[in-house]
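Report on the structure
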Amino acid sequence: SQTIHQWPATLVQPVGSPLSLECTVEGTSNPNLYWYRQAAGRGLQLLFYSVGIGQISSEVPQNLSASRPQDRQFILSSKKLLLSDSGFYLCAWSRGLNTEAFFGQGTRLTVV
Amino acid sequence: GIQVEQSPPDLILQEGANSTLRCNFSDSVNNLQWFHQNPWGQLINLFYIPSGTKQNGRLSATTVATERYSLLYISSSQTTDSGVYFCAVLDGGSNYKLTFGKGTLLTVNP
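For the structure given in this document, a descriptive report is provided here. (Residues numbered from 1 in each chain as written. Chains lettered and ligands numbered in written order. Predicted model: local features only at pLDDT ≥ 70, side-chain atom pairs only at ≥ 80, totals over all residues. Heavy atoms only, no water.)

Observations concerning the overall build of chain B
Helices and strands together make up the secondary structure of chain B, namely zero helices and eleven strands. In chain B, the order of α-helices and β-strands from amino to carboxyl end is β-β-β-β-β-β-β-β-β-β-β. In terms of overall size, chain B behaves like a compact globule, its C-alpha atoms giving a radius of gyration of 13 Å where 110 residues would be expected to give roughly 13 Å. Considered along the principal axes of its C-alpha atoms, chain B spans approximately 45 × 25 × 20 Å. A burial count over chain B gives 48% of its 110 residues as buried. Carbon and sulfur atoms provide 48% of the accessible area of chain B, an area that totals close to 5100 Å². Side chains of chain B give 6 positive and 7 negative charges; the mean places of these two sets differ by 5 Å. (Helix = DSSP H or I, 4+ residues; strand = E, 2+ residues; numbered from the N terminus. Rg over C-alpha atoms; globule rule 2.2 N^0.38 Å. Buried < 20%, exposed > 50% of the residue type's maximum accessible area, 1.4 Å probe, protein only. Areas by Shrake-Rupley, 256 points an atom, 1.4 Å probe, with all protein chains shown as cover. Lys, Arg positive; Asp, Glu negative; His and termini not counted. Charge placed at Lys NZ, Arg CZ, Asp CG, Glu CD.)

If you want it as C-alpha coordinates, here you go:
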(Lines give C-alpha, C1' and ligand atoms only; values in the text may rest on other atoms or scores of the structure.)
Protein backbone atom coordinates (compact mmCIF):
# COMPACT_ATOMS: atom_id res chain seq x y z
CA SER A 1 0.00 0.00 0.00
CA GLN A 2 1.01 3.60 -0.45
CA THR A 3 2.18 5.76 2.42
CA ILE A 4 3.27 9.35 2.69
CA HIS A 5 5.81 10.57 5.22
CA GLN A 6 6.33 14.15 6.20
CA TRP A 7 8.78 15.58 8.69
CA PRO A 8 9.37 17.18 11.04
CA ALA A 9 5.99 17.21 12.78
CA THR A 10 6.65 20.52 14.51
CA LEU A 11 9.23 23.20 13.96
CA VAL A 12 10.03 26.51 15.62
CA GLN A 13 12.33 28.75 13.62
CA PRO A 14 13.56 32.32 14.06
CA VAL A 15 12.75 34.99 11.51
CA GLY A 16 15.37 35.07 8.78
CA SER A 17 16.42 31.45 9.17
CA PRO A 18 16.21 28.92 6.30
CA LEU A 19 13.59 26.20 6.03
CA SER A 20 13.52 22.72 4.60
CA LEU A 21 10.51 20.43 4.92
CA GLU A 22 10.62 17.00 3.36
CA CYS A 23 7.94 14.69 2.07
CA THR A 24 8.34 11.21 0.63
CA VAL A 25 5.86 8.76 -0.81
CA GLU A 26 6.26 4.98 -0.75
CA GLY A 27 4.53 2.27 -2.68
CA THR A 28 3.90 4.09 -5.94
CA SER A 29 5.85 5.55 -8.80
CA ASN A 30 5.59 8.87 -10.60
CA PRO A 31 3.00 10.35 -8.23
CA ASN A 32 1.73 13.87 -8.48
CA LEU A 33 2.94 15.75 -5.40
CA TYR A 34 1.52 18.82 -3.70
CA TRP A 35 2.32 21.27 -0.90
CA TYR A 36 -0.62 22.94 0.86
CA ARG A 37 -0.66 25.44 3.69
CA GLN A 38 -3.36 25.80 6.30
CA ALA A 39 -3.33 29.13 8.08
CA ALA A 40 -5.40 29.96 11.14
CA GLY A 41 -9.05 29.94 10.19
CA ARG A 42 -8.99 26.46 8.64
CA GLY A 43 -8.77 27.07 4.88
CA LEU A 44 -6.17 25.12 2.89
CA GLN A 45 -4.31 26.74 0.05
CA LEU A 46 -2.30 25.01 -2.68
CA LEU A 47 1.29 26.31 -2.79
CA PHE A 48 3.08 24.03 -5.29
CA TYR A 49 2.45 20.93 -7.32
CA SER A 50 4.67 18.63 -9.34
CA VAL A 51 3.90 16.04 -12.00
CA GLY A 52 7.48 14.76 -12.31
CA ILE A 53 11.11 15.12 -11.30
CA GLY A 54 12.25 18.71 -11.62
CA GLN A 55 8.79 19.89 -12.68
CA ILE A 56 7.38 22.41 -10.24
CA SER A 57 4.41 24.71 -10.64
CA SER A 58 3.74 27.52 -8.21
CA GLU A 59 0.25 28.61 -7.35
CA VAL A 60 1.01 31.50 -5.03
CA PRO A 61 4.06 33.77 -5.35
CA GLN A 62 5.71 34.06 -1.96
CA ASN A 63 8.78 33.49 0.15
CA LEU A 64 8.81 29.74 -0.47
CA SER A 65 10.11 27.39 -3.13
CA ALA A 66 9.75 23.69 -3.86
CA SER A 67 11.94 21.07 -5.44
CA ARG A 68 11.55 17.46 -6.52
CA PRO A 69 15.00 15.90 -6.67
CA GLN A 70 13.71 12.33 -6.83
CA ASP A 71 10.52 10.70 -8.11
CA ARG A 72 8.93 10.31 -4.67
CA GLN A 73 10.54 13.17 -2.78
CA PHE A 74 9.16 16.68 -2.50
CA ILE A 75 10.90 19.46 -0.57
CA LEU A 76 9.56 22.83 0.56
CA SER A 77 12.21 25.48 1.23
CA SER A 78 12.79 29.03 2.16
CA LYS A 79 16.02 31.01 2.30
CA LYS A 80 14.74 33.45 4.92
CA LEU A 81 11.59 32.82 6.90
CA LEU A 82 9.07 35.56 7.64
CA LEU A 83 6.61 35.68 10.52
CA SER A 84 3.84 35.27 7.97
CA ASP A 85 5.24 31.88 6.95
CA SER A 86 3.90 30.37 10.17
CA GLY A 87 1.24 27.76 9.58
CA PHE A 88 0.46 24.11 9.07
CA TYR A 89 2.07 22.64 5.96
CA LEU A 90 0.69 19.52 4.37
CA CYS A 91 2.16 17.39 1.64
CA ALA A 92 -0.15 15.34 -0.56
CA TRP A 93 0.05 12.91 -3.42
CA SER A 94 -2.21 11.51 -6.10
CA ARG A 95 -1.76 8.82 -8.75
CA GLY A 96 -2.31 11.25 -11.53
CA LEU A 97 -4.24 14.27 -12.49
CA ASN A 98 -7.92 14.30 -11.61
CA THR A 99 -7.63 11.50 -9.06
CA GLU A 100 -8.05 11.12 -5.30
CA ALA A 101 -5.49 12.97 -3.18
CA PHE A 102 -3.96 11.68 0.07
CA PHE A 103 -2.31 13.84 2.69
CA GLY A 104 0.63 13.49 5.03
CA GLN A 105 0.48 14.22 8.74
CA GLY A 106 1.63 17.80 8.32
CA THR A 107 4.29 20.06 9.80
CA ARG A 108 3.34 22.80 12.19
CA LEU A 109 5.75 25.69 11.61
CA THR A 110 6.03 28.58 14.01
CA VAL A 111 8.29 31.46 13.04
CA VAL A 112 9.34 33.55 16.02
CA GLY B 1 -11.94 30.42 -9.57
CA ILE B 2 -14.46 28.00 -8.18
CA GLN B 3 -16.11 28.84 -4.85
CA VAL B 4 -16.77 26.18 -2.23
CA GLU B 5 -19.10 26.92 0.65
CA GLN B 6 -19.70 24.61 3.57
CA SER B 7 -22.49 24.77 6.08
CA PRO B 8 -22.96 24.97 8.93
CA PRO B 9 -19.61 26.43 10.00
CA ASP B 10 -20.01 24.98 13.48
CA LEU B 11 -22.16 22.15 14.81
CA ILE B 12 -22.56 20.82 18.33
CA LEU B 13 -24.23 17.46 18.90
CA GLN B 14 -24.94 15.06 21.68
CA GLU B 15 -23.50 11.60 21.27
CA GLY B 16 -25.90 9.43 19.30
CA ALA B 17 -27.40 12.24 17.23
CA ASN B 18 -27.42 12.37 13.44
CA SER B 19 -26.16 15.26 11.31
CA THR B 20 -25.94 16.49 7.74
CA LEU B 21 -23.11 18.63 6.46
CA ARG B 22 -23.47 20.47 3.18
CA CYS B 23 -21.01 21.55 0.50
CA ASN B 24 -22.07 23.89 -2.31
CA PHE B 25 -19.81 24.67 -5.24
CA SER B 26 -20.13 27.35 -7.86
CA ASP B 27 -19.14 25.49 -11.04
CA SER B 28 -18.85 22.03 -12.55
CA VAL B 29 -16.35 19.73 -10.87
CA ASN B 30 -14.16 16.82 -11.95
CA ASN B 31 -13.64 15.50 -8.45
CA LEU B 32 -15.03 15.97 -4.96
CA GLN B 33 -13.55 14.69 -1.72
CA TRP B 34 -14.64 14.78 1.91
CA PHE B 35 -11.98 14.83 4.63
CA HIS B 36 -11.99 14.70 8.41
CA GLN B 37 -9.21 16.66 10.10
CA ASN B 38 -8.39 15.01 13.40
CA PRO B 39 -7.16 16.90 16.50
CA TRP B 40 -3.55 16.34 15.40
CA GLY B 41 -4.21 18.02 12.09
CA GLN B 42 -4.08 15.03 9.80
CA LEU B 43 -6.56 14.96 6.93
CA ILE B 44 -8.33 11.62 6.79
CA ASN B 45 -9.96 10.66 3.50
CA LEU B 46 -13.65 9.93 3.96
CA PHE B 47 -15.05 9.85 0.44
CA TYR B 48 -13.98 10.40 -3.14
CA ILE B 49 -17.36 11.18 -4.66
CA PRO B 50 -17.62 13.29 -7.82
CA SER B 51 -21.19 12.02 -8.22
CA GLY B 52 -23.62 9.54 -6.74
CA THR B 53 -23.90 8.06 -3.25
CA LYS B 54 -21.45 6.11 -1.13
CA GLN B 55 -21.61 4.66 2.35
CA ASN B 56 -18.92 3.66 4.80
CA GLY B 57 -20.22 2.49 8.16
CA ARG B 58 -22.01 5.32 9.94
CA LEU B 59 -20.99 7.81 7.27
CA SER B 60 -22.48 8.32 3.86
CA ALA B 61 -22.16 10.97 1.17
CA THR B 62 -24.16 12.09 -1.81
CA THR B 63 -23.03 14.39 -4.60
CA VAL B 64 -25.51 15.87 -7.06
CA ALA B 65 -23.11 17.33 -9.60
CA THR B 66 -25.82 18.83 -11.80
CA GLU B 67 -27.13 20.85 -8.85
CA ARG B 68 -23.62 21.61 -7.53
CA TYR B 69 -23.81 20.27 -4.01
CA SER B 70 -22.70 17.40 -1.86
CA LEU B 71 -23.95 16.16 1.50
CA LEU B 72 -22.13 14.23 4.21
CA TYR B 73 -24.33 12.29 6.64
CA ILE B 74 -23.10 11.18 10.04
CA SER B 75 -25.37 8.85 11.94
CA SER B 76 -25.21 7.84 15.61
CA SER B 77 -22.38 10.30 16.19
CA GLN B 78 -19.57 9.48 18.59
CA THR B 79 -17.13 11.74 20.43
CA THR B 80 -14.38 10.53 18.11
CA ASP B 81 -16.27 12.10 15.20
CA SER B 82 -15.33 15.53 16.53
CA GLY B 83 -13.10 17.65 14.36
CA VAL B 84 -13.25 19.68 11.17
CA TYR B 85 -14.88 18.25 8.06
CA PHE B 86 -13.68 19.58 4.73
CA CYS B 87 -15.11 19.39 1.28
CA ALA B 88 -12.63 19.86 -1.58
CA VAL B 89 -13.23 19.99 -5.31
CA LEU B 90 -11.33 19.92 -8.58
CA ASP B 91 -13.10 22.36 -10.82
CA GLY B 92 -13.87 21.56 -14.43
CA GLY B 93 -11.01 23.70 -15.64
CA SER B 94 -8.34 22.10 -13.46
CA ASN B 95 -7.15 18.54 -13.08
CA TYR B 96 -4.71 19.07 -10.24
CA LYS B 97 -5.77 21.84 -7.86
CA LEU B 98 -8.10 20.97 -5.01
CA THR B 99 -10.07 23.95 -3.76
CA PHE B 100 -11.17 23.55 -0.15
CA GLY B 101 -14.15 24.91 1.67
CA LYS B 102 -13.61 26.49 5.07
CA GLY B 103 -14.86 23.40 6.83
CA THR B 104 -17.48 22.49 9.42
CA LEU B 105 -16.27 22.22 13.01
CA LEU B 106 -18.17 19.35 14.61
CA THR B 107 -18.19 18.87 18.36
CA VAL B 108 -19.81 15.74 19.73
CA ASN B 109 -20.43 15.86 23.46
CA PRO B 110 -20.77 12.73 25.60
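Looking at the nonpolar core
By size, the foremost hydrophobic cluster in this structure holds 22 residues, and its most contacted members are B:Trp34, B:Leu72 and B:Val89. When contributions to this core are tallied by element, the ones reaching two or more residues are strand E2 (10–14), strand E3 (19–25), strand E4 (29–37), strand E5 (43–48), strand E7 (59–64), strand E8 (69–74), strand E9 (83–91) and strand E11 (104–109) of chain B. Residues in contact with B:Leu72, not counting those within four places in the same chain, are B:Ser19, B:Thr20, B:Leu21, B:Trp34, B:Leu46, B:Phe47, B:Ser60, B:Ala61 and B:Tyr85. Core analysis: the second largest hydrophobic core is formed by 19 residues, A:Ile4, A:Leu33, A:Leu47 and A:Trp93 among them. (Core = buried A, V, L, I, M, F, W, Y, C linked by side-chain atoms within 4.5 Å. Contact = heavy atoms within 4.5 Å.)

Some words on the interface of chain A and chain B
Contact residues are listed per partner, giving 20 residues for chain A and 25 residues for chain B. Carbon and sulfur atoms make up 51% of the area that chain A and chain B hide from each other, which totals about 1900 Å². Considering only the surface of chain A that becomes buried against chain B, A:Arg42, A:Asn98 and A:Phe103 emerge as the three largest contributors, covering 33% of it. Remark: the boundary between chain A and chain B carries one salt bridge. Between A:Glu59 and B:Lys97 there is a salt bridge, with its nearest N and O atoms 3.3 Å apart. Our count for the contact surface shared by chain A and chain B stands at seven residue pairs in polar contact (both at pLDDT 80 or more). (Buried area = accessible area lost by both parts, 1.4 Å probe. Salt bridge = Lys/Arg side-chain N within 4 Å of Asp/Glu carboxyl O. Polar contact = N/O pair within 3.5 Å; in protein donor to acceptor, adjacent residues only side chain to side chain.)

A short note on the sheet that holds strand E3 (residues 19–26) of chain A
All names here are of chain A. The strand order across the open sheet built from four strands is E1-E3-E8-E7, with neighbouring strands paired in antiparallel fashion. With partners counted over all chains shown, the strands left at the sheet margins are strand E1 (3–7) and strand E7 (65–70), one partner each. Adjacent strand axes in the sheet meet at a mean angle of 20° when their direction is disregarded. Across five bridges, E1 lies against E3 in antiparallel orientation. Bridge pairing links Gln 6 to Cys 23 in E3. (Pairing = 2+ DSSP bridges. Axes fitted to C-alpha atoms, helices over the stretch in contact; angles between N-to-C directions.)

Structural notes on the side chain of A:Gln13
Residues and elements named next belong to chain A. Mapped onto the elements, Gln 13 comes out in strand E2 (residues 10–13). Within polar-contact distance, the side chain of Gln 13 engages the backbone oxygen of Pro 18 at 3.0 Å. Apart from residues lying up to four places away in sequence, Gln 13 is in contact with Pro 18, Leu 81, Leu 109, Thr 110, Val 111 and Val 112.

Regarding the sheet that holds E7(B)
Note on sheets: strands pair through backbone hydrogen bonds, and any given pair is parallel or antiparallel. Residue and element names in this part refer to chain B. Strands sit in the order E1-E3-E8-E7-E6 across an open sheet of five strands; the sheet is antiparallel. Looking at strand neighbours, the two that pair on one side only are strand E1 (4–7) and strand E6 (52–56), the edges of this open sheet. Pairwise comparison of adjacent strand axes, ignoring direction, gives a mean angle of 15° for this sheet. Bridge count between E3 and E8: six bridges; the pairing is antiparallel. Following the sheet pairing, Arg 22 is matched in E8 by Leu 71.

Some details on the pairing of E7(B)
All names here are of chain B. The buried fraction of E7 is high, at five of six residues. When E7 meets E8, the two strands line up antiparallel, connected through six bridges. Within E8, the position partnered with Val 64 by the bridge is Tyr 69. Counting the residues between successive antiparallel strands, the hairpin from E7 to E8 contains four residues, one of them, Arg 68, with a positive phi of roughly 65°.

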